Amino acid sequence: MKSYVAFLRGINISGKNKVPMAELKTCFEKLGFSSVSTYLNSGNVSFDSDVDDVKKIRANIEKIISDSFGFTVPVFVAEKESVAELLCNAPAWWGSGDKSLYDNLIFILTDETPKEICDSIGPTSADLEKTEIVGNAIFWTFDRAAYQKCAWWKRTAQAGIAEKLTIRTANTIKKICK
């Protein structure tokens, strides 16, 4: 049995794609997953499974969400251990706890590489934000006070890019990987 995390993209935002976490947990349990727990109201789920195929797990989760709630959402699934390993290899400037910074981890929902995604988004605002590719994810930190001036803050939300990503804060990632 392996432990996994799933991040659902675009649920419970501004009244759209409503998914109660208790119902989401029940959906995961119906798929045969155990030790299911959710964190926050934004589709962060940890669970255990005997299935050893991330693509199959993701497809099953996407299908049950569509069947249960009537809409589709992209889902990122990874072994919890691999996400925890990412955290161990985070850049020194990421996740420092500095309240003036906003630390995020970007997971890619397509077959594109992190470098291809970075190239699509373009350069960062040099003095306001930093990015670094580690494994199959992108660490991203920006200045909270100047977020509207940050190039990536605007571009990661643009059509053609936003649907390729799911972004989680440092605190969320650390909490769900415990």
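Please refer to the structure placed before this passage.
All of the points below concern the structure found in this document. Keep in mind the model is a prediction, meaning the values are calculated, not measured.

1. Some points on the sheet that holds strand β4 (residues 75–79)
Stage number 1. Ordered in space as β2-β3-β1-β4, the four strands form an open sheet in which the pairing is antiparallel. Two strands in the sheet have a free side with no partner beyond their single neighbour: β2 (34–39) and β4. Averaged over all pairs of adjacent strands, the angle between strand axes in this sheet comes to 20°, irrespective of strand direction.
Stage number 2. As judged from the six bridges shared by strand β1 (residues 2–8) and strand β3 (residues 44–49), these two strands associate in the antiparallel manner. When the sheet's bridge partners are listed, Val 5 is paired in β3 with Ser 46.
Stage number 3. Running over the sheet, helix α2 (residues 54–69) touches β1, β3 and β4 and is turned about 145° from β4.
Stage number 4. Along the sheet, helix α3 (residues 80–88) contacts β1, β3 and β4; its crossing angle with β4, the most-contacted strand, is approximately 85°.

Rules behind the numbers
Residues numbered from 1 in each chain as written. Predicted model: local features only at pLDDT ≥ 70, side-chain atom pairs only at ≥ 80, totals over all residues. Heavy atoms only, no water. Pairing = 2+ DSSP bridges. Helix = DSSP H or I, 4+ residues; strand = E, 2+ residues; numbered from the N terminus. Axes fitted to C-alpha atoms, helices over the stretch in contact; angles between N-to-C directions. Contact = heavy atoms within 4.5 Å.

Function cannot be read off these values alone, since they describe shape.
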